[in-house]
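Remarks on the overall topology
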Amino acid sequence: MTINESGEVTVGMTSLLSAIAGKFTSARVRVTGTRVERGRSLGTLESLRFVGPIPSPLSGIISLVNGDVLKRPKLMNDASYTEGWIVKLRPLSFQEERGFLSRPSEAKEGFKKKITEFHARCFKAFPDHEMYEIGTECSAVLVHLNELLATTSVGSIVHLVTDDPTSYVEMVRWTDQTGHGLVEWRQEGNLFHFIVRKER
């Protein structure tokens with residue numbers, strides 16, 4: 001939730017909720033002009049692992065609904081802090097209700113607990129596809145990746161996990177050869193995580 005100069009509140013979600021819930025497939029939101037009490041539902045979300053309400057952080061009137069999110073719910077996964085906002089709300093009792101909002105230090109601790117509880121990973125781009133290639137040589141992994149990308153649309157994101165210690169060098173070479181994007185990579189223990197975007 002963010003507040004602009006006029007006091008209007010933008011309601012969305014965190015990348016943590018996105019990582020826990022998985023790919024969003026549906027968003028239904030109340031119409032502009034609807035009055036909603038704090039804690040009551042602004043609408044509902046569905047994902048591969050979640051179905052539930054969108055609780056309003058404050059009492060207010062919905063001043064704007066993000067139509068792009070209704071048409072393309074995965075925008076909440078891909079750009080939760082920018083284009084993936086859900087509604088704009090004109091608060092009715094901000095001064096009285098602001099004490100119910102979490103302070104940054106409280107939110108940080110809560111996030112840490114949820115990350116540990118759900119083993120959540122937040123990447124720069126939310127994956128459309130997951131590939132787990134453990135115990136496979138990188139050359140064979142890249143063949144499987146090419147086969148997958150051949151069946152997906154431009155812009156698709158793949159999360160690839162491998163334990164091949166040469167994988168970073170091979171992935172850089174592969175992106176140079178294919179023109180596909182390496183959005184992010186990280187090592188966790190003996191596992192390497194790559195986020196790849198199909199560019200053409």
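Coordinates for the structure precede this section.
Only a predicted model underlies this, so the values are computations on that prediction, with no experimental measurement involved.

Details of the overall build of the chain
From N to C terminus, the chain includes seven helices and twelve strands. Referenced to the eigenvectors of the C-alpha coordinate spread, the extents of the chain come out at roughly 60 × 35 × 30 Å. In the chain, buried positions account for 41% of the 200 residues. Restricting the contact set of the chain to residue pairs at least 6 apart, pairs at least 24 apart contribute 65%.

With respect to the pairing of strand β7 (residues 60-65)
With two bridges connecting them, strand β4 (residues 35-36) and β7 associate as antiparallel partners. Looking across to β7, one finds that V36 is bridged to G60.

Side note on the pattern of salt bridges
Inspection of the entire model under this criterion finds eleven salt bridges. One salt bridge connects D78 with R72, and the closest N-O pair in it is separated by 4.0 Å. A relative accessible area of 46% means that R72 is categorised as partly exposed. The partner of D128 in a salt bridge is K74, with the nearest N and O atoms 3.2 Å apart. Here D128, found in the loop between α5 (104-118) and β9 (129-133), pairs with K74, found in the loop between α2 (67-71) and α3 (75-78); they are 54 residues apart in sequence, far enough to count as distant. Residue classification places D128 among the partly exposed positions, given a relative accessible area of 23%. One network of salt bridges, in which partners are shared, links R72, K74, D78 and D128.

Side note on the packing of aromatic side chains
Evaluation of the coordinates by the stated rule reveals three aromatic pairs. Note on W185 and F194: the rings are 6.2 Å apart at their centroids and 20° apart in plane angle, and the pair reads as stacked. Here the aromatic cluster, defined as three or more aromatic residues joined through ring pairs, consists of Y168, W185, F192 and F194. If you follow R38 out to its NZ or CZ, it ends over the ring of F100, 3.6 Å from the centre. Its guanidinium or amino end placed over the ring of W85, K88 lies 4.6 Å from that ring's centre, counting from NZ or CZ.

Rules behind the numbers
Residues numbered from 1 in each chain as written. Predicted model: local features only at pLDDT ≥ 70, side-chain atom pairs only at ≥ 80, totals over all residues. Heavy atoms only, no water. Helix = DSSP H or I, 4+ residues; strand = E, 2+ residues; numbered from the N terminus. Buried < 20%, exposed > 50% of the residue type's maximum accessible area, 1.4 Å probe, protein only. Contact = heavy atoms within 4.5 Å. Pairing = 2+ DSSP bridges. Salt bridge = Lys/Arg side-chain N within 4 Å of Asp/Glu carboxyl O. Phe/Tyr/Trp six-rings, centres within 6.5 Å; stacked < 30°, edge-to-face > 60°. Lys NZ or Arg CZ within 6 Å of the ring centre and 35° of its normal.

Purely geometric numbers; function is a separate question.
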